[in-house]
Amino acid sequence: MANFSIEIGSTLSTGWEYAKKYGLLVAVIYLLIDVVSGGMQSLLGTSVPPDVYQNLGEAIGRGDWDTVAQYSQLLNGGVGSSISTIFVVLIEIVVSVALYNLALGLMSGQFSEVTFDAFKLPAATYLKVVAVEIIVGIIAGFSMLFCIVPFFFVMPRLIMAAPYQIEHPEAGIIESIKASWNMTSGNTLSLLGLGITIVGIVILGICCCCVGVYFAQAIELFTLIAAYNQLKANLY
């Protein structure tokens, strides 16, 4: 198997070039998702004080049914909050997967513009990507239990699993995770350096203007896919 190394300068340059062409529209999508998410939480979500459940149990125990009714109303609000959270998470997952697919398509020539065709993926692909992200999160969590240092060596090796799964919808979930691990071999430190640079770009976007963070996210998206395109050659 080949051993291609990531070139941070080239990756950032490619990410920036695509961000200049398409980043504004991608930034608008990120902004709209935040607006919609905030609106849904405001519309459906109401906070439940942490002592409600304890007080409800005590009220039931002493037979104070008026108090039970009052707390039940609060809990109904909590259900609304849970529903809004579920919807927000689902929306963010769908958009995240679609934007990965968009960036892959733009860089491969499949798409020539920002298009909603990027959302036209089989439901199974969305589900697989969710499963991949969950497993990667669990692995990352276990690496944190041992020490924070292993986390920074494990996560760069797994970060390409989602893009691989999207580009190869026929692949299995574990296969995608293994593919990420294999393609990033020998590039851990380079990917850490790239990640630190991207974090700096995001911070700069926040400092320049709060809206700038959305364009910084677009740069992050295209830079990650540029890195993926460099490293996937290691699989062949």
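Quick note: structure is the one above.
Residues numbered from 1 in each chain as written. Predicted model: local features only at pLDDT ≥ 70, side-chain atom pairs only at ≥ 80, totals over all residues. Heavy atoms only, no water.

## A closer look at the overall build of the protein
- In terms of helices and strands, the protein carries nine helices and zero strands.
- Reading the secondary structure of the protein in the N-to-C direction produces α-α-α-α-α-α-α-α-α.
- Residue burial in the protein is summarised as follows: out of 236 residues, 38% are buried.
- In the protein, the proportion of contacts linking residues at least 24 apart, taken out of those at least 6 apart, comes to 76%. (Helix = DSSP H or I, 4+ residues; strand = E, 2+ residues; numbered from the N terminus. Buried < 20%, exposed > 50% of the residue type's maximum accessible area, 1.4 Å probe, protein only. Contact = heavy atoms within 4.5 Å.)

## Focus on the environment of Val-88
- On the secondary structure map, Val-88 appears in helix H3 (residues 65–108).
- Overall, Val-88 belongs to the buried group, its relative accessible area being 5%.
- Along the backbone, Val-88 and Asp-34 are 54 residues apart, and their C-alpha atoms lie at a distance of 9.2 Å.

## Observations regarding helix H8 (residues 188–208)
- End to end, H8 covers 30 Å across 21 residues, agreeing with the expected 30 Å (1.5 Å per residue, within 8%).
- Inspection of H8 places Thr-188, Leu-191, Leu-194, Ile-198, Val-202 and Gly-205 among the buried residues, and these make up the whole buried set. Buried residues in H8, looked at end-on, bunch into an arc of 120 degrees, giving them a common side. Exposed side chains of H8 directed beyond 90 degrees from the buried face belong to Leu-189, Ile-196, Leu-204, Cys-207 and Cys-208. (Expected span 1.5 Å × (residues − 1). Arc of directions from axis to C-beta.)

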